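Each chain, written out:
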Amino acid sequence: MLLDNGFNKEHLIKMNFDMSSMLSDLKVVAQNTMSDNIKMININELHESEDNFFDIGRIEELAESILSQDGVKENLIVTPLENGGYEIISGHRRKAAVQYLIDKGENISPNLPCLIQKYEDTNTKNLELILMNISQRVLTDNEMMLSFEKLDKILKEKRALGEKLGKTRERIAEMLNVSPTQVRKMQNIETNAIPEVVNAVKNGDITINTADKIASLEKDEQQEIIADNSEPITPKKVERTVKKKKIEKEGVTNDTLSLSKKSVLPKRPAFKVRKD
C-alpha cells in the first residue's frame, strides 16, 4: 500500500525487502511536507524516543537556521503514544532546536510539521528510526556500533520469523553505508571483546578500529589494556602491549628451552692426561 506521500509502508516488512528502495522511500517521507498526513503538532506533545541513541547535541547552528527560515520546514516523523502525545522517530534535533529557541525567548512557533506514522511492530519502528537518522548524518563510531547492534538484533529476529534477508554482514553494511570489512570488525568486537571494551566503544571512549585490535587478544590482555589509565587507549598502545606480551612469552619459552637442554645433555667424561 502506497501512502499519499509515496512511501511504501509495507515495503518495510515484506519478506525480501530491498534496502536501496527502502532508503529512497524513507528520504521521500522526510522531505515531503505536502501530504495530508502532515499535521502541525505542539512541541509539548512531542516526546523523544527511548530507543533513540543518536546525538542531539550541538543544536545552536541548527536553531539559527530554523529561526532564519521562520520555523521548521522539514517535517518530523512521529507515531502516536498509547497515553497521548507522539513519539519522535525522526527529528529529535529539530525539536530540541525549537525548544532551545523558545527557552531563549525567540519569536518562533511551538508547532512543528509532523508526518504521523503507525507501525505494525517495534522492529519496524526501530528500523525506520535508525535508517532515517543514518541517512541524515555522518555517524560517530559509538553511533555506528550502537546502530550495528540494533540492526543485527532486528535482522536476527526477522530471520527467525522466516524472512529471507541474505547475508547479515552484507545487509548491515548496505544499511550503514560502510564496507563489509567494517561490519566484520564490529562483529569481532561483539563476539570476542570483553564487556568493558564493548562499552568503551558505545560510550565513545575508543574507536572501532582500536576495539577490533583489542578483541583479537586474550581476555586477560584485554583487561590489562582497559585497566591501564596512564594514557588514552589507541591502536599504538594496543600494538605495544601485544609486542610486550610476545617478548615476555618468547623469553619464557627460550629460558625454559635452555634449561630443558641443559637437563638432558649428557655429561662429558673427564679426560686424564697420560704421563709417559
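Above: the structure in question.
Residues numbered from 1 in each chain as written. Predicted model: local features only at pLDDT ≥ 70, side-chain atom pairs only at ≥ 80, totals over all residues. Heavy atoms only, no water.

Novice: Summarise helix H3 (residues 92–103); cite the residues concerned and give the values.
Specialist: The end-to-end C-alpha distance of H3 is 16 Å, a good match for the 16 Å that twelve residues give at a rise of 1.5 Å each. Those residues of H3 that are buried are in contact with strand S2 (46–47), helix H2 (60–68), strand S3 (76–80), strand S4 (86–90) and strand S5 (111–116). Gly105 sits one or two residues past H3 and shows a positive phi near 85 degrees. (Helix = DSSP H or I, 4+ residues; strand = E, 2+ residues; numbered from the N terminus. Expected span 1.5 Å × (residues − 1). Contact = heavy atoms within 4.5 Å.)

Novice: Can you tell me about the nonpolar core, naming the residues and giving the values?
Specialist: Ranked by internal contacts, the top residues of the largest apolar core, which has 45 residues, are Leu176, Met186, Val197 and Ile206. Those elements giving two or more residues to this core turn out to be helix H4 (122–134), helix H5 (141–160), helix H6 (168–176), helix H7 (180–192), helix H8 (195–202), helix H9 (208–215) and helix H10 (219–227). Ranked by residues supplied to this core, first place goes to H5 with seven residues. Apart from residues lying up to four places away in sequence, Ile206 is in contact with Val197, Ala200, Val201, Ala211, Ile214 and Ile233. (Core = buried A, V, L, I, M, F, W, Y, C linked by side-chain atoms within 4.5 Å. Buried < 20%, exposed > 50% of the residue type's maximum accessible area, 1.4 Å probe, protein only.)

Novice: I'd love a proper account of the pattern of salt bridges, names of residues and values included.
Specialist: Within the structure shown, the criterion is met by twelve salt bridges. Residue Glu157 pairs with Lys153 through a salt bridge whose shortest N-O separation is 2.8 Å. Of this pair, Glu157 and Lys153 both sit in helix H5, separated by four residues, roughly a single helical turn. Residue Lys153 is classed as partly exposed on the basis of its relative accessible area of 48%. For Asp212, the salt bridge is made with Arg184, and the minimal N-O distance between the two is 3.6 Å. Taken together, the residues Asp212 in helix H9 and Arg184 in helix H7 connect sequence positions 28 residues apart. In this structure Asp212 comes out as buried when scored by relative accessible area, which is 11%. What makes Arg184 partly exposed here is its relative accessible area of 32%. Each of Asp51, Glu87 and Lys125 takes part in one network of salt bridges that share partners. (Salt bridge = Lys/Arg side-chain N within 4 Å of Asp/Glu carboxyl O.)

Novice: Let's hear about the packing of H5 against H7: which residues, and what values?
Specialist: The contact between H5 and H7 brings their axes to 11 Å, and the two run at 80 degrees. The angle between H5 and H7 falls in the class roughly perpendicular. Counting all contacts with H5, which are made through Met144, Met145, Phe148, Glu149 and Asp152, the residues of H7 involved are Val183, Met186, Gln187, Ile189 and Glu190. Among the residues making up the contact of H5 with H7, the classes are represented as six nonpolar, one polar and three charged. (Axes fitted to C-alpha atoms, helices over the stretch in contact; angles between N-to-C directions. Parallel < 35°, antiparallel > 145°, perpendicular 65-115°, else oblique. Nonpolar A, V, L, I, M, F, W, Y, C, P; charged D, E, K, R; others polar.)

Novice: Residues and numbers for the pairing of S3, please.
Specialist: With respect to burial, S3 is a largely interior element, four of its five residues being buried. Sheet topology note: the S3/S5 ladder contains three bridges and is parallel. What sits directly across from Val78, in S5, is Ile116. Note that S3 and S4 share four bridges and pair antiparallel. (Pairing = 2+ DSSP bridges.)

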